[in-house]
Amino acid sequence: MSEPTLYEACYIIDTSLDEDEIQQLVEVVEEAAVEGGAEIVGTRDFRTRRLAYEINGHTHGTYKLLYFYGDGDAVQHLLSEMGIRMGIIRSRVFVANPHAIVGGVGGEDEDAVSAAEAAEEAEAEATTEEAAADTSVDVEAEEAAEVEEAPEAEEVVEAEEAEEAPEAEEAVEAEETSEVEEAPETEQ
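Ranked by size, the top nonpolar core spans 19 residues in total, and within it Tyr 11, Leu 66, Phe 68, Leu 78, Met 82 and Val 93 carry the most contacts. Elements with a contribution of two residues or more to this core: strand 1 (5-14), helix 1 (19-35), strand 3 (58-70), helix 2 (72-84) and strand 4 (88-95). Residue contributions to this core peak at six residues, all from helix 1. The contact partners of Leu 66, leaving out residues within four places of it in the chain, are Tyr 7, Glu 8, Ala 9, Tyr 11, Val 29, Glu 30, Ala 33, Ile 40, Gly 42, Thr 43 and Leu 78.

This is the structure we're talking about:
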């Protein structure tokens, strides 16, 4: 038999439920995973957040993650159980990256969670600062490019005018000669 795979079940719980109902729902999901043959590693709470888009009239949801080792049967059993629970708005199961589990395996440790959140905030700030620095460099580069492009644009216009000028002079000369030639004929 092959080695069990680490899975991550992400599910969103209706925010209208109270804390006791949410806790009961989490326990039901964990029991369903065990019934399907999974070995639970840990559960992570991502608190209540605004949904990216409205789902069945819900704009907010309480996000939960469940990490477990199992096989395809355990995943199918868990998905079917989460699908019939009224308090679960949306659920998905993914193959998890063991190095991405915040707070370590089974990470409900509050210190680890707060340290991970602080690290996430610091990373977000660093990314914002880098983006701001990149933007200022990009603006300076664009301004320099515009300054360099301006003389070229003037040269192109001057070159076009120079090319058009001989043609215009030739047309004027042709008209003048035809007028001169016509003039003697009318005098006769």
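With 17 residues, helix 1 should cover 24 Å at 1.5 Å per step; its first-to-last C-alpha distance of 24 Å lies within 8% of that length. Listed in full, the buried residues belonging to helix 1 are Ile 22, Leu 25, Val 26, Val 29, Ala 32 and Ala 33. All buried residues of helix 1 project into a common sector of 125 degrees when viewed along the axis, lining one side. Exposed positions of helix 1 whose direction lies more than 90 degrees from the buried face are Asp 20, Gln 24 and Glu 35. Summarising the contacts, the buried residues of helix 1 are in contact with strand 1, strand 2 (39-55), strand 3, helix 2 and strand 4. The positive-phi residue at the C-terminal boundary of helix 1 is Gly 37, with phi of around 100 degrees.

Another point: the pattern of salt bridges. What the rule picks out here adds up to two salt bridges. Of the charged contacts, one joins Glu 81 and Arg 85 as a salt bridge, the two residues approaching to 2.4 Å between their closest N and O atoms. Residue classification places Glu 81 among the buried residues on the basis of a relative accessible area of 16%.

Reading the values: the criteria
Residues numbered from 1 in each chain as written. Predicted model: local features only at pLDDT ≥ 70, side-chain atom pairs only at ≥ 80, totals over all residues. Heavy atoms only, no water. Core = buried A, V, L, I, M, F, W, Y, C linked by side-chain atoms within 4.5 Å. Buried < 20%, exposed > 50% of the residue type's maximum accessible area, 1.4 Å probe, protein only. Helix = DSSP H or I, 4+ residues; strand = E, 2+ residues; numbered from the N terminus. Contact = heavy atoms within 4.5 Å. Expected span 1.5 Å × (residues − 1). Arc of directions from axis to C-beta. Salt bridge = Lys/Arg side-chain N within 4 Å of Asp/Glu carboxyl O.

These results come straight from atomic positions and should not be treated as a statement about function.
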